[in-house]
Amino acid sequence: MTEYPRVVVDLNKIRENVKFLTKKCKESQIDVVGVTKVFSGSIEIAKTLVEGGIKYLGDSRVENLKKYENLDVPKVMIRLPMRSQIKEVIKHVDISLNSEISTIALLDKEAGKQYRVHRIILMLELGDLREGVLPEDVEDYVEQINSMKNIKLEGIGVNLTCYGGIIPSFDNLGQLEKISNLIEEKYDLKLNIISGGNSSSLDLLWKNNMPPKINNLRLGESLIFGRETAYGKELEGCFYDSVKLEVEIIELKEKQSYPVGEIGFNAFGEKPVFIDRGKRTRAILAIGKQDVDQSNLEAMDKKIIILGASSDHLVLDVTESKNKYQVGDIVKFKLNYGSLLQLTTSPYVKKVFD
Ligand SMILES: *Cc1c(COP(=O)(O)O)cnc(C)c1O
């Protein structure tokens, strides 16, 4: 018996997206870190990304990277390491992104204990205001890193469009390039990786406006959804529908659309607002806010209205639909980055790979 709710993943479509995007990046001498965090670390996805041609596997959590031990590509931890996880990071991660010298010093010490050399990408703050060293502090950082025996400065990088929504440009990525030149000349070293951001940098690449020294991008969303994320444009030649959600109907009844009685607060402390549409056909589906925020779902049946959700119930208005839904029927939804991230994190949602 098929179990629901489930996320159905078309690995062939993802593989084709990865092939297409890695090839396009390669034309500009850019290697791709394939980021798997939106799947909560799935070995099937990781394998598919490797088959598609990514050069590194990236994830924000060491627990996820650990699962990829048998895949023969370097593992990149794209979130700054926690002090409480230094041992695991040295053991399971080849390259980590860093911005705190005290953490890098701990990595150095632990790498020595484990007889390893740990490679790092020093992250720079170039406007988005999430992680990164301020440009004026870079030289001080590089000097200290160079004095560490078990740390190798593999490169520098930036992350944009994640917190501040700052769009990658020839200007801000040009700054990254300039800083890399300064480091290489002043300290007489070669930086192997100049990592120019995530899926939001693809638009710049498509416009042939990427500073030439950028040789690395960390891509997640674009590989799965076939879109760049600076403007949310679909990239021609990609699949946009590699994932979908299927959920089962557990109640189907005609009911009033306006609740009866005094309206107080709902289960989440919000005062709900209702539109009185009279009597409607309503379906309750077995999924809820514990699994996904309903505002990130879109029913494939365009006539369905998503009315709301509680912890474990999703309430739909199916009155206008041509489909004559019944209890036990399956309703399908399109996903976006936010809903896929939540759904793959829920232990109640099955993941099925086609
Ligand atoms: C999530 C993340 C990425 C991947 O971003 P996408 O938008 O999914 O391509 C890259 N780098 C860092 C540091 C991230 O946190």
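Remember, predicted model here, so these are calculated numbers, not experimental data.

Within the protein one finds 10 helices and 16 strands. Expressed along its principal axes, the backbone C-alpha trace of the protein runs to roughly 75 × 40 × 40 Å. Every one of the 354 residues in the protein was classed for burial, and the buried ones make up 49%. If you take every contact in the protein between residues at least 6 apart in sequence, the share linking residues at least 24 apart comes to 64%. Surface exposure of the protein reaches about 17300 Å², of which carbon and sulfur atoms provide 49%. Each charge class in the protein can be summarised by its mean position, and for the 50 positive and 52 negative side chains these summaries are 3 Å apart.

Surveying the vicinity of the ligand reveals the residues Lys37, Ile78, Arg130, Glu131, Asn159, Asn198, Ser199, Arg218, Leu219, Gly220, Glu221 and Tyr337. At 2.8 Å from an oxygen atom of the ligand is found a side-chain nitrogen or oxygen belonging to Lys37. Glu221 is positioned such that a nitrogen or oxygen atom in its backbone is 2.8 Å from an oxygen atom of the ligand. When the ligand sits alone it has 390 Å² of accessible area, and the protein chains cover 94% of it. Here the ligand occupies the second largest pocket. Of the residues belonging to the shell around the ligand, the class tally is 3 nonpolar, 4 polar and 5 charged.

Another aspect to go through is the side chain of Ser195. Tracing the chain through its elements places Ser195 in strand S8 (residues 193-195). At a separation of 2.8 Å, a polar atom in the side chain of Ser195 contacts the side chain of Arg218.

Our next topic: the state of the cysteines. All told, the structure shown has 0 disulfides when counted by the stated rule. Cysteine Cys162 shares no disulfide, and the gap to the nearest cysteine sulfur, in Cys25, comes to 17 Å. Accessibility expressed as a relative area gives 39% for Cys162, which makes it partly exposed.

A cluster of acidic residues, Glu136, Asp137, Asp140 and Glu143, forms a negative patch at the surface. As for its position among the elements, Asp137 is in the loop between strand S6 (118-124) and helix H6 (138-146). On the basis of relative accessibility, which here comes to 31%, the residue Asp137 falls in the partly exposed class.

Here the largest pocket defines a volume of roughly 770 Å³. In terms of lining residues, the largest pocket is bounded by 30 residues, among which Phe274, Arg282, Leu307, Gly308 and Ala309 are the most central. Elements supplying a minimum of two residues to the lining of the largest pocket: strand S10 (243-256), strand S11 (279-285), strand S13 (305-309) and strand S14 (314-317). Broken down by element, the lining of the largest pocket gets its largest block of residues, 5 residues, from S13. Residues of the lining of the largest pocket, tallied by class, amount to 15 nonpolar, 6 polar and 9 charged. As a volume, the second largest pocket reaches approximately 630 Å³. Lining the second largest pocket are 28 residues; nearest its centre among them are Lys37, Ser60, Ile78, Arg130 and Tyr337. Among the secondary structure elements, those contributing two or more residues to the lining of the second largest pocket are strand S9 (216-219) and helix H10 (337-345). Grouping the amino acids of the lining of the second largest pocket by side-chain chemistry returns 9 nonpolar, 11 polar and 8 charged. Residues from two domains meet in the lining of the second largest pocket; each of domain 1 (11-225) and domain 2 (243-353) gives at least three.

Let's shift gears to the packing of aromatic side chains. Across all of its chains, the model carries 1 aromatic pair by this definition. Ring centres of Tyr258 and Phe274 lie 6.2 Å apart, and the angle between their planes is 75°; this geometry places the pair in the edge-to-face category. Placement of Tyr258 in the loop between S10 and S11 and of Phe274 in the loop between S10 and S11 is noted, with a sequence separation of 16 residues between them. Lying across the ring of Trp206, Lys24 places its NZ or CZ 4.8 Å from the centre.

Bringing the pairing of strand S3 (residues 56-59) into the picture now. Because side chains alternate across S3, one face comprises the buried residues Tyr56 and Gly58, and the other comprises Leu57 and Asp59, equally buried. Bridge count for strand S2 (residues 31-35) against S3 is 3 bridges, and the pairing is parallel. Residue pairing for S3: Val33 is matched across the bridge by Tyr56. In this fold, S2 hands off to helix H2 (residues 43-52), which returns the chain to S3; that crossover is right-handed.

Basis of the calculations
- Residues numbered from 1 in each chain as written.
- Predicted model: local features only at pLDDT ≥ 70, side-chain atom pairs only at ≥ 80, totals over all residues.
- Heavy atoms only, no water.
- Helix = DSSP H or I, 4+ residues; strand = E, 2+ residues; numbered from the N terminus.
- Buried < 20%, exposed > 50% of the residue type's maximum accessible area, 1.4 Å probe, protein only.
- Contact = heavy atoms within 4.5 Å.
- Areas by Shrake-Rupley, 256 points an atom, 1.4 Å probe, with all protein chains shown as cover.
- Lys, Arg positive; Asp, Glu negative; His and termini not counted.
- Charge placed at Lys NZ, Arg CZ, Asp CG, Glu CD.
- Near = heavy atom within 4 Å.
- Polar contact = N/O pair within 3.5 Å; in protein donor to acceptor, adjacent residues only side chain to side chain.
- 1 Å grid on protein atoms, 1.4 Å probe; cavity = no way out; pocket = protein on both sides within 12 Å on 5 of 7 lines; lining within 4 Å.
- Sits in = over half its atoms within 2 Å of the grid points.
- Nonpolar A, V, L, I, M, F, W, Y, C, P; charged D, E, K, R; others polar.
- Disulfide = S-S within 2.5 Å.
- Patch = residues over 30% accessible without salt bridge, like charges linked within 9 Å, V, L, I, M, F, W, Y side chains within 5 Å.
- Salt bridge = Lys/Arg side-chain N within 4 Å of Asp/Glu carboxyl O.
- Points joined across faces, edges and corners; volume = space filled by probe spheres on them.
- Domains from an automatic or database assignment.
- Phe/Tyr/Trp six-rings, centres within 6.5 Å; stacked < 30°, edge-to-face > 60°.
- Lys NZ or Arg CZ within 6 Å of the ring centre and 35° of its normal.
- Pairing = 2+ DSSP bridges.
- Right-handed = clockwise from strand over helix to strand, strands pointing away.

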